[in-house]
Amino acid sequence: GCVEAMASELQSHLRPGDTVVLAADNSPLWVHADLALQISGITAIPLPGFFTAGQTGHILNHHPVSAIIGDRASVRRIDASLDVISLPFQGWVLAVLPGQGAIPLLPVPDCPSGAKLTFTSGSTGEPKAVVISPEQQWQVADGIAKSLAPLLPGSHLVLLPLAVLLQNVAGVYSSLLSRSALHVPSLAEIGFSGSSGFDPGPALEMVRRTSCETLIVLPHMLRLMVDYMAQKSLTLPSLRYVAVGGSRVSPQLLDAARALGLPAYEGYGLTEACSVVSMNTPWQHRRASVGQPLPHQQLKIAEDGEILIRWSVFNGGEGSGQAWFPTGDLGAVDPEGYLFINGRKKNLIITGFGRNVSPEWPESMLLEHADISQAMVYGDGEPHLSALLVPSHPDIADTVLAGIIGQVNEQLPDYARIHDWKRIRPFTPDTGFMTPNGRLRRNRIAAFYCSQP
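Just so it is clear, the model here is predicted, and its values are computed rather than measured.

Q: Sorry, what's going on with empty space enclosed by the protein here?
A: Take a probe with the size of a water molecule and roll it over the atoms, and the empty space left behind shows itself. Tallied over the full model, the rule gives 1 cavity of 30 Å³ or more. Quantified by volume, the largest cavity comes out at close to 80 Å³. As for the largest cavity, its lining consists of Pro-251, Leu-254, Arg-258, Tyr-265, Glu-266, Asn-280, His-285, Arg-286, Arg-287, Ala-288 and Ser-289. Listed by contribution, the elements that provide at least two residues to the lining of the largest cavity are helix H9 (251-259) and strand E14 (264-270). Counting residues per element, the lining of the largest cavity draws most heavily on H9, at 3 residues.

Here's what the structure looks like:
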């Protein structure tokens, strides 16, 4: 009834084929709005709250957005000057946008009716659009529900922003298909802030209070939860499955979680495949693997070791139908069908909170300052980025370098900011840390410097 009521309200203001930004804090109304947009044939753009004003502006200026829907605070945060229509849903509003300006629209694949236009955080700061059809979303959700059938129906607690595709599809949609109970507190209630602020105390208290059975968390969230539970001697007997995704997670962390009674299992996915590609389960798992592919997912390893995937539902994009989609990850599959990830094909960093960052992005900003001659940013799988800095002159003080870091961080979203840095000697071909044509040998540099205190 709630979804139908919201759909009816939206249809009185919007038309099928419109594109609408969904900007709101986590709540049951977010779920209702997402489903209402889908059944109304309206393309939804779920906007993560951690996007910067610049990233949000890029989306609004380069894509044919008709309106913004959400709670009043979130819509006002995007543009306080917008005229809004009050909706009969606990403080939610609709802002109909004026016509598009002179900025040319980016080419976007045709959106099927009720599709989701989801944006990655963008490895260079500009969000990248990926079209996900309703059929693909529900197929992934169905595959997850079937893989977890012995646990379902159950009780799922939402711990990630609902705008994150992993939570939206793997958590919410699979729960709806299996008729599981859904608990959707606000992000503040579970200790979440920004893209990388997470206090495990409120989240674990919510687990205890709701007696939920399943969760989805990011690797760094799991680390904080494990540390907190160990310090407090906390047990959570209701939990039966904790999915860990977004970036790589160490087998040692999973072992530590299970020893404390957190049944944590790693999976693997990417936005283009509608988040989940493969997953481990309590009855079908292999240490250090990311599990077996979902039933609809096809997978093979290219000659150079890159993981290629395709899926059976056609959504008009690469990877559907007969095209194999290159993931950019290197991996291997064992005789039992378990997938192992061996690293990134290129330099892209995926932080412990699942945010994509091209290291060249903050590096280029550092190198704009005359006092820095070389820089390398790293932090794959870590909660924050770090940097190795070569000053342009030995006499440049550490306080000057720290000031440059601060200036650069002011221009970056929180997930791309540099939290730790180290002053080092120059990279040269003679040391083996640079190619003859001037490219950094990142793996060698990381092996030498990043393991040192």
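Now that the structure has been shown, we can carry on.
Q: Can you walk me through the sheet that holds strand E24 (residues 385-391) in this structure?
A: Across a sheet, paired strands are connected by hydrogen bonds in the backbone, their directions being either parallel or antiparallel. Pairing is mixed in the open sheet, where 3 strands are placed in the order E23-E24-E25. Both edges of this open sheet fall to strand E23 (372-378) and strand E25 (418-423), since each of them pairs with a single strand only. Within this sheet the neighbouring strands show an average axis-to-axis angle of 25°, counted without direction. Here E24 pairs with E25 via 5 bridges, running parallel. From the neighbouring strand, Leu-389 faces E25, where its bridge partner is Arg-423.

Q: Can you help me understand the layout of surface pockets in this one?
A: Roughly 500 Å³ of volume is contained in the second largest pocket. Surrounding the second largest pocket, 26 residues form its lining, Pro-48, Gly-49, Phe-50, Ser-74 and Arg-77 being those nearest its centre. The element best represented in the lining of the second largest pocket is helix H4 (residues 72-78), accounting for 4 residues. Class assignment of the residues belonging to the lining of the second largest pocket gives a composition of 15 nonpolar, 8 polar and 3 charged.

Q: I keep staring at the packing of aromatic side chains and nothing clicks. Help me out?
A: Note on aromatic pairs: each is described by the distance of the centres and the angle between the planes. Inspection of the entire model under this criterion finds 10 aromatic pairs. Taking the centre distance of 4.8 Å and the plane angle of 85° together, the rings of Phe-448 and Tyr-449 count as edge-to-face. Look at Phe-448 and you get partly exposed, because its relative accessible area is 37%. On the basis of relative accessibility, which here comes to 8%, the residue Tyr-449 falls in the buried class. Taken together, the ring pairs connect Phe-427, Phe-433, Phe-448 and Tyr-449 into an aromatic cluster.

Q: Where do I start with the packing of helix H2 (residues 28-39) against helix H6 (residues 165-177) in this structure?
A: The angle between the axes and the distance between the axes are what describe a pair of packed helices. Relative orientation of the contacting elements H2 and H6 amounts to 85°, with a least axis distance of 12 Å. Overall, the two elements H2 and H6 adopt an arrangement that is roughly perpendicular. Of the residues in H6, those touching H2 at Trp-30, Val-31, Asp-34, Leu-35 and Gln-38 are Asn-168, Val-172, Tyr-173 and Leu-176. Looking at side-chain class alone, the contact of H2 with H6 contains 6 nonpolar, 2 polar and 1 charged residues.

Conventions used here
Residues numbered from 1 in each chain as written. Predicted model: local features only at pLDDT ≥ 70, side-chain atom pairs only at ≥ 80, totals over all residues. Heavy atoms only, no water. 1 Å grid on protein atoms, 1.4 Å probe; cavity = no way out; pocket = protein on both sides within 12 Å on 5 of 7 lines; lining within 4 Å. Points joined across faces, edges and corners; volume = space filled by probe spheres on them. Helix = DSSP H or I, 4+ residues; strand = E, 2+ residues; numbered from the N terminus. Pairing = 2+ DSSP bridges. Axes fitted to C-alpha atoms, helices over the stretch in contact; angles between N-to-C directions. Nonpolar A, V, L, I, M, F, W, Y, C, P; charged D, E, K, R; others polar. Phe/Tyr/Trp six-rings, centres within 6.5 Å; stacked < 30°, edge-to-face > 60°. Buried < 20%, exposed > 50% of the residue type's maximum accessible area, 1.4 Å probe, protein only. Parallel < 35°, antiparallel > 145°, perpendicular 65-115°, else oblique. Contact = heavy atoms within 4.5 Å.

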